[in-house]
Amino acid sequence: MVDSIYIGLMTGTSADSLDCAAVNFSKKEMNIIGLKNYDIPNALRQKIQESSQALELNQSLIKDLDIKLGNFFSESIKDLIKTLSLDKNQVSGIGSHGQTIKHEPNAENPYSMQIGDPQLISNNLGIKTVGRFRDDDILAGGQGAPISPVFHREVFAQTGEKRLIVNIGGITNISVISDQEIMGFDTGPGNCLMDTWCRKNLKGDFDDEGNWAKSGEVNKTLLDFMIDDNYFKKEHPKSTGPDYFNESWLLNCINEVDQDLNANDVQATLAELTALSLSMSLNEIEDVSEKVYFCGGGTHNLHLLKRINLKIKKTCLTTQELGIDPDYLEAICFAWLAKQRLDDRKFDMQNITGSKKAVYLGRVFLPAI
Ligand SMILES: Nc1ncnc2c1ncn2[C@@H]1O[C@H](COP(=O)(O)OP(=O)(O)O)[C@@H](O)[C@H]1O
Ligand SMILES: [Mg+2]
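This write-up is about the structure you can find in this document. (Residues numbered from 1 in each chain as written. Chains lettered and ligands numbered in written order. Predicted model: local features only at pLDDT ≥ 70, side-chain atom pairs only at ≥ 80, totals over all residues. Heavy atoms only, no water.)

Right, let's get into the pattern of salt bridges. In total, this model carries 19 salt bridges according to the counting rule given. Here Arg-132 ties to Asp-135 by a salt bridge, and the two come within 2.7 Å at their closest N and O atoms. Classification of Arg-132 by relative accessible area gives partly exposed; the value is 37%. Here Lys-314 and Glu-290 are joined by a salt bridge, their closest N and O atoms 3.7 Å apart. Pair noted here: Lys-314 is in the loop between helix H12 (302-312) and strand E12 (315-318) and Glu-290 is in the loop between helix H11 (263-283) and strand E11 (291-295), with a separation of 24 residues, a long-range link. (Salt bridge = Lys/Arg side-chain N within 4 Å of Asp/Glu carboxyl O. Buried < 20%, exposed > 50% of the residue type's maximum accessible area, 1.4 Å probe, protein only. Helix = DSSP H or I, 4+ residues; strand = E, 2+ residues; numbered from the N terminus.)

Pasting the structure below:
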């Protein structure tokens, strides 16, 4: 049988690292050939984080980052191909999500901006590259996010069961899937506020296993103020990003509450906010399975998972139980999406992003030089 190998790249809103997956779709069951994670060079990561929190974008800085990231993605793919002893001619396509800098689905002229130029990747490698996955969904009236629920249904839907998949990245998104139905949205922050607070308090890039949050106490006044944000009251379709739930959002909440707060109590409260906003959304969904499958970096935050578990009273598992590594599910998803795009498949995203027409997810960049 002829190989049908695609490489998927994901750099989520956390900007923690690049996840890469090489997947062979030649058989009915997809075959994961290799998974690898690449650290984003420090200087690049810092500039990405600054840009995604900035109120005004600096156009020349963004362009510079777009090229640097495009080159970094290309080098990572070359390394992956080499590590797996593949020949680049065996790779049918690349799906590169890109690094989100701004997500503005509700602006007068809505857009979602990902950088890491897909044309550059295509040119550097001589492999068809699919990128800008969110643009046409937004043009069709959708939020442009989340898009992974279509993949969740493809690989996880089970006849007669309504399954819940929860991805805790920078932002948390959920998918409700059955063979009949598909629905999904962003419930609010995942790790993004906790990561920001860690960095601000020189505790590292994230709260390892949630131990810092565990050492603090939830401040009820702050939690009540934060959960009162309009985002949590909106009906789906809805999507958000760390350009909204960011340091200035958090400092504004702390300021409004006007109490003396210990840094670890703030961290405990942020973990609680992620758990509470997710559980409020999950508890509203009817007739779902007693199991919830988690993926994303948040699955390593044991304190957070415990808080979620207490609130949703369901069996919490990871997607590993369903055969997919929770740390690489999204990278695998973008390999699959690249194949769907190059196979000319459109998706009905109405119940996920709210788009009005069936759309292609992703634009194709053919090698130009
Ligand atoms: N050992 C850990 N303990 C707590 N949190 C972790 C751990 N490992 C990863 N994370 C969290 O997961 C995040 C990365 O998750 P990821 O799914 O890659 O998100 P994104 O899709 O936004 O890049 C990190 O920024 C961190 O907050
Ligand atoms: Mg990540």
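The next point concerns the sheet that holds strand E2 (residues 17-24). Overall, mixed pairing links the 6 strands, which are arranged E3-E2-E1-E4-E7-E15 in an open sheet. In this open sheet, the two strands that pair with only one neighbour each are strand E3 (31-39) and strand E15 (363-365). Taken pair by pair, the neighbouring strands of this sheet meet at an average axis angle of 20°, ignoring direction. Alignment of strand E7 (residues 129-131) against E15, held across 3 bridges, turns out to be antiparallel. From the neighbouring strand, Thr-129 faces E15, where its bridge partner is Phe-365. Packed onto the sheet, helix H2 (residues 59-83) meets strand E1 (5-10), E2, E3 and strand E4 (91-96) and runs at close to 135° relative to E3. In the packing of helix H13 (residues 329-342) onto the sheet, the strands contacted are E1, E2, E3, E4, E7 and E15, and the crossing angle to E1 comes to about 130°. (Pairing = 2+ DSSP bridges. Axes fitted to C-alpha atoms, helices over the stretch in contact; angles between N-to-C directions. Contact = heavy atoms within 4.5 Å.)

Turning our attention to the site of ligand 1. The local shell around ligand 1 holds 17 residues, among which Ser-14, Gly-170, Asp-195, Glu-209 and Gly-297 are the closest. Between an oxygen atom of ligand 1 and a side-chain N or O atom of Asp-16, the distance comes to 3.1 Å. Asp-195 places a side-chain nitrogen or oxygen 2.6 Å from an oxygen atom of ligand 1. In isolation ligand 1 has 570 Å² of accessible area, and contact with the protein removes 87% of it. For the shell around ligand 1, a count of residues per class yields 1 nonpolar, 11 polar and 5 charged. (Near = heavy atom within 4 Å. Polar contact = N/O pair within 3.5 Å; in protein donor to acceptor, adjacent residues only side chain to side chain. Areas by Shrake-Rupley, 256 points an atom, 1.4 Å probe, with all protein chains shown as cover. Nonpolar A, V, L, I, M, F, W, Y, C, P; charged D, E, K, R; others polar.)

As a further point, take the packing of helix H5 (residues 149-156) against H13. Between H5 and H13, the least distance of the axes is 10 Å, while the angle of their chain directions is 90°. Compared by their axis directions, H5 and H13 come out roughly perpendicular. For the pair formed by H5 and H13, the contact residues are Val-150, Phe-151, His-152, Glu-154 and Phe-156 on the first element and Leu-329, Ile-332, Cys-333, Trp-336 and Leu-337 on the second. Its residues placed into classes, the contact of H5 with H13 shows 8 nonpolar, 1 polar and 1 charged. (Parallel < 35°, antiparallel > 145°, perpendicular 65-115°, else oblique.)

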